[in-house]
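# Analysis of the macromolecular model
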Amino acid sequence: MDETLAREIVAAVRRFVDRDVIPNASALEHRDEYPHAMVATMRELGLFGATIPAEHGGLGLNFLTYARVMEELSRGWMSLAGVINSHLIMAYVIANHGTDAQKKYFLPAMARGEKRGGLALTEPHAGSDVQSIRTTAVRRGDDYILSGAKMFITNARHGTMLAVAAKTNPHADPAYAGISLFAVEKSDRGPTVSRNLDKLGYKGIDTCEVLFEDVAVPAANLIGGAEGAGFKQVMSALEVGRINVAARAVGVGQAAFETAIRYAQQRTAFGKPICQHQAVQLLLADMATRVEAARLMVANAARKKDAGERCDVEAGMAKLFASEACAKISLDAMRVLGGYGFMADFPVERFYRDAPLMMIGEGTNEIQALVIARGLLARYSI
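The text that follows walks through the structure, step by step, so that each part is easy to find. This structure is a prediction, so every number in the text was calculated from the model and none was measured. (Residues numbered from 1 in each chain as written. Predicted model: local features only at pLDDT ≥ 70, side-chain atom pairs only at ≥ 80, totals over all residues. Heavy atoms only, no water.)

Quantified by volume, the largest pocket comes out at close to 1,400 Å³. Surrounding the largest pocket, 46 residues form its lining, Ile360, Gly361, Glu362, Gly363 and Thr364 being those nearest its centre. Those elements that provide at least two residues to the lining of the largest pocket are helix H5 (78–97), strand S3 (143–154), helix H7 (230–266), helix H9 (312–337), helix H10 (348–360) and helix H11 (365–379). Sorting elements by how many residues they give to the lining of the largest pocket places H7 first, with eight residues. When grouped by side-chain class, the residues that make up the lining of the largest pocket number 21 nonpolar, 14 polar and 11 charged. As a volume, the second largest pocket reaches approximately 220 Å³. For the second largest pocket, the lining is made up of 14 residues, of which Ile22, Thr259, Arg262, Pro347 and Phe351 are closest to its centre. Per-element tally for the lining of the second largest pocket: the top contributor is H7, with four residues. For the lining of the second largest pocket, the per-class residue count stands at six nonpolar, three polar and five charged. (1 Å grid on protein atoms, 1.4 Å probe; cavity = no way out; pocket = protein on both sides within 12 Å on 5 of 7 lines; lining within 4 Å. Points joined across faces, edges and corners; volume = space filled by probe spheres on them. Helix = DSSP H or I, 4+ residues; strand = E, 2+ residues; numbered from the N terminus. Nonpolar A, V, L, I, M, F, W, Y, C, P; charged D, E, K, R; others polar.)

So this is what it looks like as structure tokens:
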């Protein structure tokens with residue numbers, strides 16, 4: 001991708017964040033209010049088509065530029081990156097594994113933000129253990145009948161469709177071979193968004209429980225047209241999701257650091273700005289170092305993905321390190337601000353509440369460590 005164009009896109013997102021997001025994010029977040037106006041601007045900027053190929057109407061951004069865009073959005077308000085992430089995971093699956101008819105039907109409308117997607121993978125009893133999902137899809141004539149429940153689903157209420165993982169063969173061995181993925185458009189036939197889930201952070205974006213009560217889905221919406229390919233389709237897309245979450249963590253970490261270093265130069269204690277006290281300087285130095293290291297790891301994973309290489313290890317490393325760094329940085333920012341860091345008048349408490357989501361989303365950090373270890377053992381096999 002042309003580097004000049006990439007810089008212009010990132011700069012446009014930065015201006016949007018500085019102008020519209022930062023002044024309004026905390027108020028919306030505290031009310032847990034969906035940011036309709038901000039989402040409309042993201043649509044105008046073309047961000048719903050960020051990584052959708054240009055031949056299907058998208059911006060066709062490479063993953064390195066996409067990561068930079070997600071970092072900028074999260075610097076303003078991490079929830080905005082969530083609106084885009086699940087949508088583009090679904091788009092990635094369709095673009096890379098869908099039939100020609102599915103690409104033609106879904107992708108241009110997704111790029112325009114007219115169709116807005118999400119990923120319905122997790123269930124009340126099955127998160128990291130994807131093979132244990134219980135949602136089923138039974139073929140009846142020209143339809144599949146989906147039955148089951150999904151949990152923690154982003155974009156479920158304000159989106160228009162979901163990529164739904166279901167078992168077309170519940171008796172398959174291994175179990176993952178029985179999982180298929182469906183593009184399910186919401187209609188009066190279902191699925192039913194049963195409730196919004198109340199969260200510690202990551203507010204302002206819909207995270208819901210979704211019920212499938214004998215929901216008929218056209219067989220033409222079986223992604224790729226063949227049963228049993230869903231697990232591999234989802235796993236390839238989660239590399240993109242993990243790069244996204246890692247970039248979000250960098251953005252939140254950057255925002256926490258910037259808040260802390262500004263405050264440290266303005267606040268005085270014992271006759272001088274607190275930034276001149278070594279204890280505060282050590283915190284600031286550590287925060288900035290962790291942000292920069294995380295940013296470089298995200299870039300490394302994104303470049304490998306852009307090169308068409310497998311990057312499950314690198315994406316896992318970036319997600320693991322960046323999210324843990326974000327949690328520490330947001331807490332250290334609170335230390336720098338002292339009592340004000342604990343107050344809702346400052347955004348640090350929001351950063352602190354948002355940080356744990358990145359340690360859980362797109363696979364817990366414990367799962368990331370296992371993915372990394374298994375990948376390393378395969379690479380260094382003797």
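Picking up after the structure, the text goes on.
Moving on to empty space enclosed by the protein. One pass over the full model with this rule turns up one cavity of 30 Å³ or more. Approximately 30 Å³ is the volume attributed to the largest cavity. Around the largest cavity sit Ala249, Val250, Gly253, Arg290, Val291, Ala294, Ala322, Ala325, Cys326 and Ile329, which together line it. Those elements giving two or more residues to the lining of the largest cavity turn out to be H7, helix H8 (278–306) and H9. Examining the composition of the lining of the largest cavity, we find that four residues originate from one element, H9, more than from any other. Considering only residue class, the lining of the largest cavity consists of eight nonpolar, one polar and one charged.

This part takes up the packing of H8 against H9. The geometry of H8 relative to H9 is characterised by a closest axis approach of 9 Å and an angle of 160° between their N-to-C directions. Comparing the axis directions of H8 and H9 gives the class roughly antiparallel. Between H8 and H9 lies a crossing whose hand is left-handed. Taken together, the residues of the contact of H8 with H9 break down into 18 nonpolar, one polar and seven charged. (Axes fitted to C-alpha atoms, helices over the stretch in contact; angles between N-to-C directions. Parallel < 35°, antiparallel > 145°, perpendicular 65-115°, else oblique. Left-handed = near helix turned anticlockwise from the far one by under 90°.)

What follows concerns the pairing of strand S4 (residues 161–167). Most of S4 sits inside the fold, with seven of its seven residues counted as buried. Of the two faces of S4, both are covered, the one formed by Met161, Ala163, Ala165 and Lys167 as well as the one formed by Leu162, Val164 and Ala166. Pairing analysis gives two bridges linking strand S1 (residues 119–120) to S4, with the strands arranged parallel. Among the inter-strand pairings, Leu119 is bridged to a residue of S4, identified as Ala163. (Buried < 20%, exposed > 50% of the residue type's maximum accessible area, 1.4 Å probe, protein only. Pairing = 2+ DSSP bridges.)

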